[in-house]
Amino acid sequence: MSHEPTSVEPAGQSAAAVDPARIHNIGYRAYDGPRLGRAYVRRSLFAQTLRGAYGLGRSAKSKVLPALLYAAMCLPAGIVVAVTVALDNDDLPLEYTSYALYLQAVIGLYVAAQAPQAVSRDLRFQTVPLYFSRPLEAVDYVVSKFAALASALFILTASPLLVLYLGALLAELDIADQTEGFAQGVVSVALLSVLFAGIGLVIAAVTPRRGFGVAAVIAVLTISYGAVSTVQAIAYAQDKPEVVGWLGLCSPITLIDGVQTKFLGASSAFPGGYGPPSALAGAVYLLVVLSLIVGSYALLMRRYRKVGL
């Protein structure tokens, strides 16, 4: 009897394993849509961070603190307007450039809450390398975050000035004077917003722990102001006005006070009304503010070049 040869497959192997050249078409297709590029990513990251700074797109609990701080900034402006209209005053009881100085504690709390929210979560959950795996570079990330927090701060600080300005027009105060004061105030809070955003982000980017970042930002922005004001009061009591003026270089909010006193015609909030003692001192104030802004950007770039690795 003759037997036909038969093919025997190895035990435990299927036909697919025997034929490694088999191709399975499961329907994947290459992306052939528009490539939006880095500019679109920057805009998206900016918008996401700005919305997050006011709790938009987040849980209801995340909206409470930004809303309370925003109300705390605008409510005094509404009260000032109501008093001005009710008493038929000829002018507002405070300057536009002074408003942010009086409410610097609220601004400091806002930065302390939102700067860690903007960057610390990305560091804590190690999502920064994921960002940089896309067509996004460190400069794009830093610029987007910096611009978003500065814009959020500008909204916080400029809104009450707008309330004051509209209230002044409602009270039929002099339009030219109010417009000039409002413009000076807007320039002042714009500079303040960029400075505080830079300092807050640098501090928050040092640690992924949000609590540490909050405490450090409060210490630098708020506690430093209290310490400088105390020493200035002591110097003023000892009749040393030049010392009062130079001590303002030691705190972010007093730096803004000195700049707007020399360059925006504002009244100084230093003890005795003493601002920078000379034109040279005013130039030093401005140089220190600009150096802090540029230095904050440089430190953020250095930090995120390392994180991206």
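Residues numbered from 1 in each chain as written. Predicted model: local features only at pLDDT ≥ 70, side-chain atom pairs only at ≥ 80, totals over all residues. Heavy atoms only, no water.

## Focus on the overall build of the chain
Part 1: For the chain, the helix and strand inventory stands at 12 helices and 0 strands.
Part 2: When the helices and strands of the chain are read in sequence order from the N terminus, they spell out α-α-α-α-α-α-α-α-α-α-α-α.
Part 3: Within the span of the chain, comprising 309 residues, buried residues form 41% of the whole.
Part 4: Accessible area of the chain: about 16,900 Å², with a carbon and sulfur share of 63%. (Helix = DSSP H or I, 4+ residues; strand = E, 2+ residues; numbered from the N terminus. Buried < 20%, exposed > 50% of the residue type's maximum accessible area, 1.4 Å probe, protein only. Areas by Shrake-Rupley, 256 points an atom, 1.4 Å probe, with all protein chains shown as cover.)

## Brief notes about the pattern of salt bridges
Part 1: A full pass over the atoms with the stated rule returns 1 salt bridge.
Part 2: The partner of Asp-140 in a salt bridge is Arg-42, with the nearest N and O atoms 2.8 Å apart. With Asp-140 in helix H7 (residues 138-170) and Arg-42 in helix H2 (residues 37-53), this residue pair connects regions lying 98 residues apart in the sequence.
Part 3: Overall, the relative accessible area of 2% leaves Asp-140 in the buried class.
Part 4: Its relative accessible area of 30% is what places Arg-42 among the partly exposed residues. (Salt bridge = Lys/Arg side-chain N within 4 Å of Asp/Glu carboxyl O.)

## A short note on the packing of H2 against H7
Part 1: Between H2 and H7, the least distance of the axes is 8 Å, while the angle of their chain directions is 35°. Like other packed secondary-structure pairs, H2 and H7 cross with a definite hand, here right-handed. On H7, the residues touching Arg-38, Arg-42, Leu-45, Phe-46, Thr-49, Leu-50 and Ala-53 of H2 are Val-139, Asp-140, Tyr-141, Ser-144, Lys-145, Ala-147, Ala-148, Ser-151, Ala-152 and Ile-155.
Part 2: Residues belonging to the contact of H2 with H7 are distributed by class as follows: 10 nonpolar, 3 polar and 4 charged. (Axes fitted to C-alpha atoms, helices over the stretch in contact; angles between N-to-C directions. Left-handed = near helix turned anticlockwise from the far one by under 90°. Contact = heavy atoms within 4.5 Å. Nonpolar A, V, L, I, M, F, W, Y, C, P; charged D, E, K, R; others polar.)

## What about the confidence of the model for the chain?
Part 1: Per-residue confidence for the chain gives a mean pLDDT of 86; residues scoring 70 or more make up 84%.
Part 2: Ignoring residues within four places in sequence, the model shows residues 1-9, a span with pLDDT below 50, making 1 contact including any to other chains. (pLDDT = per-residue confidence, 0-100.)

## Quick look at a nonpolar patch on the surface
Part 1: A cluster of nonpolar side chains, namely Leu-75, Ile-79, Val-83 and Leu-87, defines an oily patch on the protein surface of about 390 Å² accessible area.
Part 2: Within the secondary structure layout, Val-83 lies in helix H3 (residues 60-87). (Patch = residues over 30% accessible without salt bridge, like charges linked within 9 Å, V, L, I, M, F, W, Y side chains within 5 Å.)

## Topic: H7
Part 1: Compared with the 48 Å implied by 1.5 Å per residue over 33 residues, the 47 Å span of H7 between its first and last C-alpha is a close match.
Part 2: Of all the bends found along H7, the most pronounced is centred on Ala-158 and spans about 30°, while Pro-160, a proline, follows it within four residues.
Part 3: Glu-172 occupies a position one or two residues after H7 and carries a positive phi of about 60°. (Expected span 1.5 Å × (residues − 1). Bend = angle between axes of the 7 residues up to and from the residue.)

## Comments concerning the environment of Val-284
Part 1: With respect to the helices and strands, the residue Val-284 is situated in helix H12 (residues 279-308).
Part 2: Assessed through its relative accessible area of 25%, Val-284 is described here as partly exposed.
Part 3: Here the alpha-carbon distance between Val-284 and Val-259, two residues 25 residues apart in the chain, equals 9.1 Å.
Part 4: Setting aside residues up to four positions removed in sequence, Val-284 forms contacts with Trp-246 and Leu-249.

## Let's talk about a negative patch on the surface
Part 1: On the surface, a cluster of negative charge is contributed by Asp-88, Asp-90, Asp-91, Glu-95, Glu-172, Asp-174, Asp-177 and Glu-180.
Part 2: Positionally, Asp-174 belongs in the loop between H7 and helix H8 (175-206).
Part 3: Note on Asp-174: relative accessible area 42%, which makes it partly exposed. (Lys, Arg positive; Asp, Glu negative; His and termini not counted. Charge placed at Lys NZ, Arg CZ, Asp CG, Glu CD.)

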